[in-house]
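Structure at a glance
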Amino acid sequence: MSTTPPLARVDAWAPEAGTERVRAAFTERFGTDGPAPGVWSAPGRVNLIGEHTDYNGGLCLPIALPHRTYVALRARQDDVVRLASAQEPGSGGVELRLADVAPGTVDGWAAYVVGVAWGLAGQGHRVRGFDAVVDSCVPYGAGLSSSAALESAVAVALDATFGLGLAGPVDAPDDAGRTVLAAACVRAENDIAGAPTGGMDQAASLRARAGHALLLDCLDASVRHVPFDLEAQGLALLVVDTRAAHALVDGQYAARRATCEAAAASLGVATLREIAPDDLDTALDRLAATSEADVAEVAVRRVRHVVTEIARVEAVVALLDADRVRDIGPLLDASHTSLRDDYEVSCVELDVAVEAARSAGALGARMTGGGFGGSAIALVEASDVEPVAAAVAWAFVAHGFTPPAFLVATAAASAH
Ligand code: GLA
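Keep in mind that what you see is a predicted model, and the values were worked out from it rather than measured.

1. Considering the overall build of the protein chain
Scanning the protein chain from terminus to terminus reveals eleven helices and 13 strands. Scored against the burial criterion, the 416 residues of the protein chain give a buried share of 56%. Look at the contacts in the protein chain between residues 6 or more apart in sequence, and 74% of them connect residues 24 or more apart. Counting every atom, the protein chain has about 16,300 Å² of accessible surface; 53% of that belongs to carbon and sulfur. Looking at charge distribution, the protein chain has the averaged site of its 31 positive side-chain charges lying 4 Å from that of its 53 negative ones.

Okay, structure coming up:
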């Protein structure tokens, strides 16, 4: 093969450019009368490792992306919310009253916006209506948490606009306050948007730090910022958006979560986090003995993924702490195998991307995020970004898949 297929790169907007875009879109929608809106933004994320562990009280290790969602927002005196998206230029947007927001009442992307106001109100915070326009360079539907980026941008916007005092100043973020904002975002996603997700994405978007991975302990929502600067090591994290359909609102994610919760109940533990790796075999034997063979067979594999994945997060963090980032590759590979075979959330496009990246020299590769489509990550030598991306693009051509898109992820700043 002599020529390389064109590589679609998804670049992040410079913050000034994102701010200008969303301000201009606000003016276009709402005119120049009245006070100028404020502008806030929040990042998407990629998870390095620790997949489908968050709702099991486990550990995960995301970084915030340089790709952000921007919101221009201005308070109103009543409880009306008027929303528009720069990505839907033809549509008149959405208008509703906050008092009418409840589970099952709002469809589409607006649910992630008004759901946050609803979540904050449920925590006892006083939030009024607002006019807002959103714009984003976080790839949509790519498993890179465009929804959490939207929720988190709105959360810091409402925090500042209504004086809730939770996010803290940009140079001294208030982590405890941001944990409260993240909880409101999770309520928005679970109860108003109807996606039973676990909270990793909102924590990454609101609580991560530039140059660091966020070690999130989902048992108590505590975090540790683990230095993660691949560039300084001559490495890069290549993200492959497979462009295969990805939807968490469908039943597969909920089914995985329900199986884990049922397994924990049958093992007599509050969450699967309580099962130590050394006790895994005993726990799996007990699980196998408690239900019908086919149900037990599935539960055993799901639990094995969760318990081994949490251990892999610990192993990766230990290597990062020891400044041995090149050695995390095999753990990324093992995570993918476990997600593919035991947890069954990969898909053929993700498997092809991971295999092609490894064959072209990636130190390790895995699917990232919820799965069933979305993105894969590959840890590569900085000089190998182009050849690895080309190898993945060629593999997609050979399989007749939609061409993938690529971005290089660096650990960026949280919402502000
Ligand atoms: C999605 C969810 C997260 C997490 C991941 C899998 O991204 O939003 O809460 O469960 O899947 O790790």
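2. Let's talk about the environment of aspartate 241
Assignment of secondary structure puts aspartate 241 in strand E10 (residues 235–241). Taking the C-alpha atoms as reference points, aspartate 241 and alanine 12, 229 residues apart in sequence, are found 14 Å from one another. Other than its neighbours up to four places away in sequence, aspartate 241 contacts Pro139, Ala142, Gly374, Ser375, Pro404 and Ala405. One polar contact links the side chain of aspartate 241 to the main-chain amide nitrogen of arginine 243, over a distance of 2.8 Å.

3. Side note on the packing of aromatic side chains
Applying the stated criterion to the full structure yields four aromatic pairs. Note on tyrosine 55 and tyrosine 253: the rings are 5.4 Å apart at their centroids and 70° apart in plane angle, and the pair reads as edge-to-face. Highlighted residues: tyrosine 55 in the loop between strand E2 (38–47) and strand E3 (59–60) and tyrosine 253 in helix H6 (residues 251–267), separated in sequence by 198 residues. The ring of tyrosine 343 has arginine 302 sitting right over it, with the charged end atom 6.0 Å from the ring centre.

4. Section: the packing of helix H2 (residues 110–122) against helix H4 (residues 175–192)
H4 packs onto H2 with a crossing angle of 125° between their chain directions and a minimal axis gap of 8 Å. Between H2 and H4, the angle is such that the two are oblique. At the point where H2 passes H4, the crossing takes the right-handed sense. Residues Ala111, Tyr112, Gly115, Val116, Trp118, Gly119 and Leu120 of H2 lie in contact with H4, whose contacting residues are Leu181, Ala184, Cys185, Arg187, Ala188, Glu189, Asp191 and Ile192. For the contact of H2 with H4, a count of residues per class yields ten nonpolar, two polar and three charged.

5. Thoughts on helix H10 (residues 348–359)
Compared with an ideal rise of 1.5 Å per residue, which puts twelve residues at 16 Å, H10 spans 16 Å between its outermost C-alpha atoms and is within 8% of the ideal. Looking at H10, one finds that the buried residues are Glu349, Leu350, Val352, Ala353, Val354, Ala356 and Ala357. In this fold, the buried residues of H10 make contact with E10, helix H9 (329–342), strand E11 (364–368), strand E12 (375–381) and helix H11 (385–399). Two residues or fewer after H10 comes glycine 361, characterised by a positive phi angle close to 110°.

6. Side note on the sheet that holds E3
With respect to topology, three strands assemble into an open sheet ordered E3-E8-E9, the strand pairing being antiparallel. Since the sheet does not close on itself, it has two edges, and those belong to E3 and strand E9 (222–227), each with one partner. One ladder, built from two bridges, connects E3 with strand E8 (residues 212–217); its direction is antiparallel. Among the inter-strand pairings, leucine 59 is bridged to a residue of E8, identified as aspartate 217. Contacts between helix H5 (residues 200–207) and the sheet are confined to E3, E8 and E9, with E8 contributing the most and set at about 135° to the helix. On top of the sheet, helix H8 (residues 293–321) reaches E3, E8 and E9; it is set at about 45° to E9, its chief contact.

7. Some points on the pattern of salt bridges
Counted according to the given criterion, the structure contains 26 salt bridges. Across the pair arginine 76 and aspartate 78 runs a salt bridge whose closest N-O atoms are separated by 2.9 Å. Across the pair arginine 358 and aspartate 333 runs a salt bridge, and its minimum N-O distance is 2.8 Å. Of this pair, arginine 358 sits in helix H10 while aspartate 333 sits in helix H9, placing them 25 residues apart in sequence. Within the structure, one salt-bridge network assembled from shared partners comprises Arg74, Arg76, Asp78, Arg82 and Asp131.

8. Details of H11
Helix length check: H11, at 15 residues, gives a terminal C-alpha distance of 21 Å against a target of 21 Å (1.5 Å per residue), a fit within 8%. Those residues of H11 that fall on the buried side of the exposure criterion are Val385, Val388, Ala389, Ala390, Val392, Ala393, Ala395 and Phe396. Backbone geometry just after H11 places glycine 400 at a positive phi near 75°.

9. A closer look at the side chain of arginine 74
Looking at the secondary structure, you find arginine 74 in strand E4 (residues 62–75). Setting aside its immediate chain neighbours within four residues, arginine 74 contacts Phe26, Phe30, Asp33, Gly34, Pro35, Pro37, Phe130 and Asp131.

What counts, and at which threshold
Residues numbered from 1 in each chain as written. Predicted model: local features only at pLDDT ≥ 70, side-chain atom pairs only at ≥ 80, totals over all residues. Heavy atoms only, no water. Helix = DSSP H or I, 4+ residues; strand = E, 2+ residues; numbered from the N terminus. Buried < 20%, exposed > 50% of the residue type's maximum accessible area, 1.4 Å probe, protein only. Contact = heavy atoms within 4.5 Å. Areas by Shrake-Rupley, 256 points an atom, 1.4 Å probe, with all protein chains shown as cover. Lys, Arg positive; Asp, Glu negative; His and termini not counted. Charge placed at Lys NZ, Arg CZ, Asp CG, Glu CD. Polar contact = N/O pair within 3.5 Å; in protein donor to acceptor, adjacent residues only side chain to side chain. Phe/Tyr/Trp six-rings, centres within 6.5 Å; stacked < 30°, edge-to-face > 60°. Lys NZ or Arg CZ within 6 Å of the ring centre and 35° of its normal. Axes fitted to C-alpha atoms, helices over the stretch in contact; angles between N-to-C directions. Parallel < 35°, antiparallel > 145°, perpendicular 65-115°, else oblique. Left-handed = near helix turned anticlockwise from the far one by under 90°. Nonpolar A, V, L, I, M, F, W, Y, C, P; charged D, E, K, R; others polar. Expected span 1.5 Å × (residues − 1). Pairing = 2+ DSSP bridges. Salt bridge = Lys/Arg side-chain N within 4 Å of Asp/Glu carboxyl O.

None of this, on its own, says anything about what the molecule does.
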